[in-house]
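# Residue-level structural notes
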Amino acid sequence: MLKELGTNSFFHYSEIPMKFAPAQVTLVALIALSGSAFAQTAAPAPVDPISYNISAVSNYKYRGQDQDTSKTRGFKPALQGGVDYAHASGFYVGNWNSTVNFLDPKGDKANVEVDLYGGYKFPLGDVGMDVGALTYIYPGAAKANTTEIYAAVSYGPITAKYSNTVSKGYFGFGAIGAYDARGTGYLNLAFAQEIMPKVTLKASLGSTMFTTDGKKAGGADFVDYSIGAAYDLGEGMTFTGSYVGATNKDKYLFSNSTASVNKGTVIVMLTKAI
């Protein structure tokens, strides 16, 4: 699973990244039932079921938030990469990794993010369906670890995806203390359409929603956004440029700074897929 620009973000306990809160399971169900709203036949499994990807990005933001909180400048490059296995039946598993730099609620430093996921993709009429689970692991900073389950539906260039937190902590929120962040939800609407040969327009809008307990644990709802384009350089190489950020900037500040991890930033990324 190659993460898209503006899909990932995290920060110190005082800056912990916001994800979506729980209130959209019903919405996802409704979307799934209305095949005319979002639909796209699931793509067939590739001839080679194993694929790899590696990327260099100027700033790793997840759900609109900086994942390197050691500095406030916009340029803080990250190295990323992963491997995926997709079976012809629709089942898949994968791993994706990125360099990061932030502290968990205990003050332990996270240098690497390791994502493990698995799921099932299948067509439902003209609608493409995807259900699965994803766990984010931060070696050395366990209080930031987070696990979510998700469901997505797609139709043509549009995809709607809802993720719900099943772990006690949500990227640090609720990992320590009387209140936990279980049930935090994230709803994302994404658009990707080729607008000319080799050029694909991409845009997304997401909403992180905390439960009442999640808010008591320090979480605050916010909306993230991303708009940009990807250019196919050939031979598996892609260059992407996007503007990525999030709202509620005053709630997510860098340590000892009035700057926000949610501030909008131009991000460029070079990816090689094999």
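Every value quoted in this text rests on a predicted model; they were computed, and no experiment measured them.

### Considerations on the pattern of salt bridges
Summed over the entire model, instances satisfying the criterion amount to six salt bridges. Among the ionic pairs, Asp 66 bridges to Lys 76, the shortest N-O distance being 3.0 Å. Residue Asp 66 is located in strand 3 (residues 65-66), and its partner Lys 76 is located in the loop between strand 3 and strand 4 (78-86); the two are separated by 10 residues in the primary sequence. For Asp 66, a relative accessible area of 0% puts it in the buried group. Residue Lys 76 is classed as buried on the basis of its relative accessible area, which comes to 1%. Asp 180 is the partner of Arg 182 in a salt bridge, and the nearest nitrogen-oxygen pair spans 3.5 Å.

### Quick word on the environment of Ala 259
Tracing the chain through its elements places Ala 259 in the loop between strand 13 (237-246) and strand 14 (265-273). Separated by 10 residues in sequence, Ala 259 and Lys 249 place their C-alpha atoms 8.2 Å apart. When sequence neighbours within four positions are dropped, the list of residues in contact with Ala 259 reads Thr 72, Tyr 252, Leu 253 and Phe 254.

### Quick word on the nonpolar core
Within soluble globular proteins, side chains that are nonpolar tend to cluster in buried spots. Ranked by size, the top nonpolar core spans 30 residues in total, and within it Tyr 60, Tyr 138 and Tyr 252 carry the most contacts. Elements with a contribution of two residues or more to this core: strand 5 (91-103), strand 6 (109-124), strand 7 (127-137), strand 13 and strand 14. For this core, the leading source of residues is strand 5, giving four residues.

### A short note on the packing of aromatic side chains
Counted by the stated rule, this structure contains 13 aromatic pairs. Relative to Phe 171, the ring of Tyr 170 lies with its centre 4.8 Å away and its plane at 85 degrees, an arrangement referred to as edge-to-face. Each member of the pair, Tyr 170 as well as Phe 171, is classed as buried. Linked through ring pairs, Tyr 62, Tyr 136, Tyr 170, Phe 171, Phe 173, Phe 210, Phe 222 and Tyr 252 together constitute an aromatic cluster.

### Re the confidence of the model for the protein chain
In this model, the protein chain carries an average pLDDT of 88, and 83% of its residues clear a pLDDT of 70 or more. In this model residues 6-43 is a low-confidence stretch, pLDDT under 50, and it forms 183 contacts with partners more than four residues away in sequence or in other chains.

### Observations regarding the side chain of Glu 113
Counting through the fold element by element, Glu 113 comes out in strand 6. Glu 113 gets classed as buried once you look at its relative accessible area, which sits at 0%. A polar contact of 2.7 Å, which involves the side chain of Glu 113, links it to the side chain of Tyr 60.

### Description of a nonpolar patch on the surface
Together, Ile 227, Tyr 231, Leu 233, Phe 239, Tyr 243, Val 266, Val 268 and Leu 270 line one region of the surface with nonpolar side chains, adding up to about 720 Å² of accessible area. Tracing the backbone through its elements, the reader meets Val 268 in strand 14. The class of Val 268 is partly exposed, set by a relative accessible area of 35%.

Scoring rules and cut-offs
Residues numbered from 1 in each chain as written. Predicted model: local features only at pLDDT ≥ 70, side-chain atom pairs only at ≥ 80, totals over all residues. Heavy atoms only, no water. Salt bridge = Lys/Arg side-chain N within 4 Å of Asp/Glu carboxyl O. Helix = DSSP H or I, 4+ residues; strand = E, 2+ residues; numbered from the N terminus. Buried < 20%, exposed > 50% of the residue type's maximum accessible area, 1.4 Å probe, protein only. Contact = heavy atoms within 4.5 Å. Core = buried A, V, L, I, M, F, W, Y, C linked by side-chain atoms within 4.5 Å. Phe/Tyr/Trp six-rings, centres within 6.5 Å; stacked < 30°, edge-to-face > 60°. pLDDT = per-residue confidence, 0-100. Polar contact = N/O pair within 3.5 Å; in protein donor to acceptor, adjacent residues only side chain to side chain. Patch = residues over 30% accessible without salt bridge, like charges linked within 9 Å, V, L, I, M, F, W, Y side chains within 5 Å. Areas by Shrake-Rupley, 256 points an atom, 1.4 Å probe, with all protein chains shown as cover.

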